[in-house]
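# Coordinate inspection notes
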Amino acid sequence: LERLPAELLLVLDRSTSMIREKLQSGESNWSVLTRAVDGAVRKTEGGVLWGLKAFPTTSACDVQTGVEHDVAVNNYNAISATVMQSTPGNNNGTPTTAAMVAATGYLKGRTSPNPKYILLATDGEPTCLNGNGSREATDIPAAIAAIADAAKAGFHTFVVGVSPQRQAGRALETLNGMAVAGAEPRDGDTKFYSVTSEAELTASLNAIAGQVGSCSFNLSKTPPSPDNVAVDIDGKRIAQSATNGWQYNASKTAIILNGTLCEAARNGKLKSVKITFGCAGVVIPVL
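Residues numbered from 1 in each chain as written. Predicted model: local features only at pLDDT ≥ 70, side-chain atom pairs only at ≥ 80, totals over all residues. Heavy atoms only, no water.

Per the counting criterion, the structure on display carries three aromatic pairs. Centroid distance W246 to Y248: 5.1 Å. Interplanar angle 90°. Geometry classified as edge-to-face. For W246, a relative accessible area of 2% translates into the label buried. Looking at Y248, the relative accessible area reads 11%, which means it is buried. Among the aromatic residues, those joined into a ring-pair cluster are Y117, F158 and Y193. (Phe/Tyr/Trp six-rings, centres within 6.5 Å; stacked < 30°, edge-to-face > 60°. Buried < 20%, exposed > 50% of the residue type's maximum accessible area, 1.4 Å probe, protein only.)

Here you go:
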């Protein structure tokens, strides 16, 4: 089996606070974030299919359907050019709910067997309650629900919280809630990727890009008897397990390794992955 590349849709916050608030270096959140995004996409574009959804689309709470750039291999030049031209305006809210709904709708429309993820990079609490155009009206529960809906649809969300001002109080609770809802929380008390400097941001983006997609393997067809298959890795029979073994994706068009097997796949330590389709009631021998 050939390993599937991941599709990673960057959902990028263009709220006004991105240019008003500063990181430890004294630079704006936007300057540091866009520089780190530029480096991460350039470094990983050959193995990760990056796409871009920026929000708001124009100003205030406006979020249009679709994305700025479809997910695609070698997408660095296109994404970099758009991000550099997308400096936030002075009246931009943080319509996270609408952005996540648009991102989820876009990914639902894709038919590739590749694993699909969302990377939400934000420095503010969600606003634009009910999409009413008020960038001051907080919209926290709906944003968390939209992220949970994306996860239910099969699209996990990694949450990156940018800014020293977002590391305590309601902002901390909100970012933690979004990370848990996205089904990719970090260990420890801080569940999101908390960044207060460019070095932390670069490390977080590279870590996320390195995690996704490298544990999924495409099948040529759906097994005729899905409960009677055998997966062998480097000549060893592997048990079906949701914690440390293999499992199907939702449509049974790919197998996903998890646990220590996934770690080994990410580190390039696996030489061959083979799946054998069996007929119902026939034991597949270990060769």
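Tallied over the entire structure, the rule returns six salt bridges. Among the salt bridges present, the one from D38 reaches R42, with a minimum N-O distance of 2.8 Å. Taken as a pair, D38 and R42 lie in helix α2 (residues 29-44) at a separation of four residues, close to a single helical turn. Look at R42 and you get partly exposed, because its relative accessible area is 46%. The shortest N-O distance in the salt bridge between E125 and R170 comes to 2.7 Å. One end of the pair, E125, is in the loop between β4 (116-122) and α5 (140-152); the other, R170, is in helix α6 (residues 169-181), and 45 residues separate them in sequence. Classification of R170 by relative accessible area gives partly exposed; the value is 47%. Through salt bridges that share partners, E27, R35 and E198 make up one connected network. (Salt bridge = Lys/Arg side-chain N within 4 Å of Asp/Glu carboxyl O. Helix = DSSP H or I, 4+ residues; strand = E, 2+ residues; numbered from the N terminus.)

What follows is about unusual backbone geometry. In most cases, non-glycine residues show a negative phi, while peptide bonds are predominantly trans. Following F55, the chain continues to P56 via a peptide bond in cis, the omega torsion being -5°. Positionally, P56 belongs in the loop between β2 (48-55) and β3 (69-72). Residue N74 is not a glycine yet carries a positive backbone phi of 55°. Here N74 lies in the loop between β3 and α3 (76-84). One non-glycine residue, D234, lies in the positive phi region at around 50°. Within the secondary structure, D234 sits in the loop between β8 (229-233) and β9 (236-238). For D234, a relative accessible area of 38% puts it in the partly exposed group.

Let us now look at empty space enclosed by the protein. Applying the stated criterion across every chain, the model contains one cavity of 30 Å³ or more. By volume, the largest cavity amounts to about 40 Å³. The wall of the largest cavity is formed by T34, V37, D38, V41, Y76, I79, S80, V83 and M84. Elements with a minimum of two residues in the lining of the largest cavity: α2 and α3. For the lining of the largest cavity, the element with the most residues is α3, which contributes five residues. (1 Å grid on protein atoms, 1.4 Å probe; cavity = no way out; pocket = protein on both sides within 12 Å on 5 of 7 lines; lining within 4 Å. Points joined across faces, edges and corners; volume = space filled by probe spheres on them.)

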